[in-house]
Amino acid sequence: MTDSYVYATARTPFGRFSGALAGIRPDDLAALAVRGVLDKVPALDPGEIDDVVWGNANGAGEDNRNVGRMAVLLAGLPTSVPATTVNRLCGSSLDAAIIASRAIETGDADIVLTGGVESMSRAPWVLPKPDRAFPAKDMTAVSTTLGWRLVNSRMPKEWTVSLGEANEQLAERFSVSRERQDVFAVRSHTLADAAWTDGFYDDLVVPVAVDGKGHALTRDEGIRPGSAVDKLAALKPSFRPDGVITAGNASPLSDGASAVLLGSGAAAARIGVDPLARVAGRGVFALDPQMFGFAPVDAANRALRSAGIDWPDVSAVELNEAFAVQALACVDAWKIDPSIVNAQGGAIALGHPLGASGGRLLGTLAHRLKESGERWGLAAICIGVGQALAVVLENVTGTRR
């Protein structure tokens, strides 16, 4: 067994639903992320990449038919570079990195490019095939943008509630107030805006041309610098008349792509740069589908055990903010200092293009550790239908502790 390392990361800015990136196909967004991360390692011959593992949650439209392979071809890599697409919904690109790290550690590969993409703006409507030929009745087109669709009637009703209703239940179970959620959401916007202003994201995000006139999206489109608790408090609940979840304290529908290059220690000479972080531990966990927002708790604990460390060792956490309530429930359960969580903002502000979010988390975490000099960090993400993933990184760029 050998170790696996994160060498380079890149992502597109994340666009709002029907926003600046809505006119760009998901396979083109994926290709931009591929080129973006390879530009960080100019000495690497792309033909040396053993495999590409790409995440995508939808796969119902222009991202169908193995979008990972399409990204490789559109990015101009040699046709000899293989690729696969994995789907673990919101965790897809983190799953891609986990799969790559295992392949490297077992000796099946030396250099693996991973990432993920989602265009929620361009997710199509689908028509199921009829039960019999030539039906006379109308057919209903189903949106594939988010959540359950074409549900099997054998599924228990409590499992198939909407994502919002599931998190309303989580708020009730753990007594997470509307005010706490709104405060958390404002923090996300404030920190994201400050991180961009301070230049943290400058080297992590590749601009995306949005038309033929020289206009480009250079910054995450969903950040609201002027966000305030009193403004969020005025928003109506989105899922229950008397609920606590609103458009302001949940992640938005988004478009974007991310990429992470992993390799063995021996591959450093061919890649041409020193690694950023070692993949030190992994965790996967599942529970009742409607409790998906709480699943990162045990996924993270398993990842820490795998790495041989515990929470007091961890200095940085990147937790996907699908909803403020689920992020708060996880932080409360871990009993950690909230200030180490999403210090450069989270998905409520940055956006949550499902298949790309795991790669964003891992890339942000690796660069947080490099910048701070601290040793241990953890990335975790909840996944619809009751799952979660987590990865522990160890900084190898030089540490203070």
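Please refer to the structure placed before this passage.
Described in the following lines is the structure provided in the data block. Keep in mind it's a predicted model, so treat the numbers as computed, not measured. (Residues numbered from 1 in each chain as written. Predicted model: local features only at pLDDT ≥ 70, side-chain atom pairs only at ≥ 80, totals over all residues. Heavy atoms only, no water.)

## As for the overall build of the protein chain
How we decide: Note on conventions: DSSP H or I runs of at least 4 residues are helices, E runs of at least 2 residues are strands, and numbering of each starts at the N terminus. Here's how the labels work: a residue is buried when its accessible area is under 20% of the maximum for its type, exposed when over 50%, partly exposed in between, all with a 1.4 Å probe on protein chains only. Only four residue types enter the tally: Lys and Arg on the positive side, Asp and Glu on the negative side, with His and both chain ends excluded. Just so you know, the charge point we use is NZ for Lys, CZ for Arg, CG for Asp and CD for Glu.
If you tally the helices and strands in the protein chain, you get 11 helices and 14 strands. Taken over the C-alpha atoms alone, the protein chain extends approximately 60 × 55 × 45 Å along its principal axes. Taken over 401 residues, the protein chain has a buried fraction of 56%. Averaging the coordinates of the 38 positive side-chain charges in the protein chain and doing the same for the 45 negative ones gives two points 4 Å apart.

## Some remarks on the packing of aromatic side chains
Quick note on the threshold: Here the aromatic set is Phe, Tyr and Trp, taking the six-membered ring for Trp, and pairing holds for ring centres within 6.5 Å; pairs whose planes are under 30 degrees apart are stacked, those over 60 apart are edge-to-face, and all others are tilted.
Taken as a whole and assessed by the stated rule, the structure comprises four aromatic pairs. Taking the centre distance of 4.6 Å and the plane angle of 25 degrees together, the rings of Phe-174 and Phe-294 count as stacked. In this pair, Phe-174 sits in helix α4 (residues 163-174) while Phe-294 sits in the loop between β11 (277-286) and α8 (296-307), placing the two residues 120 residues apart along the sequence. The exposure class assigned to Phe-174 is partly exposed, which follows from its relative accessible area of 30%. When its relative accessible area of 17% is taken as the criterion, Phe-294 is described as buried. A centroid spacing of 4.8 Å and a plane angle of 35 degrees characterise the contact between Trp-311 and Trp-334, whose relative ring orientation is tilted.

## Some details on a nonpolar patch on the surface
Short version of the rule: The patches reported here contain residues having more than 30% relative accessible area and no salt bridge. Joining distances are 9 Å for like charges and 5 Å for nonpolar side chains (Val, Leu, Ile, Met, Phe, Trp, Tyr). Working definition of accessibility: Shrake-Rupley area with a 1.4 Å probe, residue cover restricted to the visible protein chains. Within this document, salt bridges are pairs made up of a side-chain nitrogen of Lys or Arg and a carboxyl oxygen of Asp or Glu, the two lying within 4 Å of each other.
On the surface, Val-151, Met-155 and Trp-159 cluster together into a nonpolar patch covering about 230 Å² of accessible area. Tracing the backbone shows Met-155 in the loop between β7 (142-143) and α4.

## Brief notes about the nonpolar core
Just so we agree on the cut-off: By convention a nonpolar core is built from buried Ala, Val, Leu, Ile, Met, Phe, Trp, Tyr and Cys residues, the set being connected through side-chain atoms within 4.5 Å. In what follows, a contact means two residues having at least one pair of non-hydrogen atoms within 4.5 Å.
If you look at the biggest cluster of nonpolar residues, it comprises 49 residues, and the most contacted ones within it are Trp-311, Val-317, Leu-319, Trp-334, Ile-336, Leu-378 and Val-392. Going through the elements one at a time, α4, α5 (178-197), β11, α8, β12 (314-319), α9 (324-334), β13 (376-383) and β14 (387-395) are the ones with two or more residues in this core. Here this core gets eight residues from one element, more than from any other, and that element is α9. Not counting the four nearest positions on each side in its chain, Trp-311 is found in contact with Ala-300, Asn-301, Leu-304, Val-317, Trp-334, Ile-336 and Leu-378. Counting residues in each nonpolar core, the second largest holds 37 residues, with Ala-33, Leu-77, Leu-113 and Ala-259 among its members.

## Some points on the side chain of His-367
Position of His-367 among the secondary structure elements: in helix α11 (residues 357-372). You can call His-367 buried: its relative accessible area is 17%. In this structure, His-367 is in contact with Thr-9, Phe-200, Leu-204 and Leu-276, ignoring residues within four places of it in sequence.

## Examining unusual backbone geometry
Note on backbone geometry: most residues besides glycine have negative phi, and most peptide bonds are trans. Non-glycine residue Leu-150 carries a positive phi angle of around 50 degrees. Residue placement: Leu-150 occurs in the loop between β7 and α4. Positive phi values are uncommon outside glycine, yet Val-385 reaches one of about 70 degrees. By the secondary structure assignment, Val-385 is in the loop between β13 and β14.

## Topic: α9
With nine of 11 residues buried, α9 is to be regarded as a mostly interior element. Among the residues of α9, Ala-324, Val-325, Gln-326, Ala-327, Leu-328, Ala-329, Cys-330, Val-331 and Trp-334 are the ones counted as buried. On its buried side, α9 packs onto α4, α5, α8, β12, α10 (347-350) and β13. Just beyond α9, the residue with positive phi is Lys-335, at close to 60 degrees.

## Let's talk about the packing of α4 against α9
Axis angle and axis distance: for two packed helices, these are the angle between their axes and the distance between the axes, and together they describe the pair. Cut-off, in case you're wondering: Geometry is summarised by axes, namely lines fitted to C-alpha atoms with helices restricted to the contacting stretch, and by angles between N-to-C directions that run from 0 to 180 degrees. A clockwise turn of the near helix away from the far one marks a right-handed crossing, whereas an anticlockwise turn of less than a right angle marks a left-handed crossing. Only Asp, Glu, Lys and Arg are considered charged, only Ala, Val, Leu, Ile, Met, Phe, Trp, Tyr, Cys and Pro nonpolar, and every remaining residue, Gly among them, polar.
The N-to-C vectors of α4 and α9 enclose an angle of 40 degrees; their axes lie 9 Å apart at closest approach. For α4 against α9, the interelement crossing comes out left-handed. Along its contact with α4, which presents Asn-167, Leu-170, Ala-171 and Phe-174, the element α9 presents Val-325, Gln-326 and Ala-329. Tallied by class, residues from the contact of α4 with α9 come to five nonpolar, two polar and no charged.

## Quick word on the pattern of salt bridges
Under the counting rule described, the total for this entry stands at 18 salt bridges. One salt bridge connects Glu-48 with Arg-270, and the closest N-O pair in it is separated by 2.7 Å. Taken as a pair, Glu-48 in the loop between α1 (26-38) and β3 (51-55) and Arg-270 in helix α7 (residues 268-271) lie far apart in primary sequence, 222 residues in all. For Asp-332, the salt bridge identified is with Arg-180, shortest N-O distance 3.0 Å. With Asp-332 in helix α9 and Arg-180 in helix α5, this pair connects stretches of sequence that are 152 residues apart. Judged by relative accessible area, Asp-332 falls into the partly exposed class, the value being 37%. For Arg-180, a relative accessible area of 35% corresponds to the partly exposed category.

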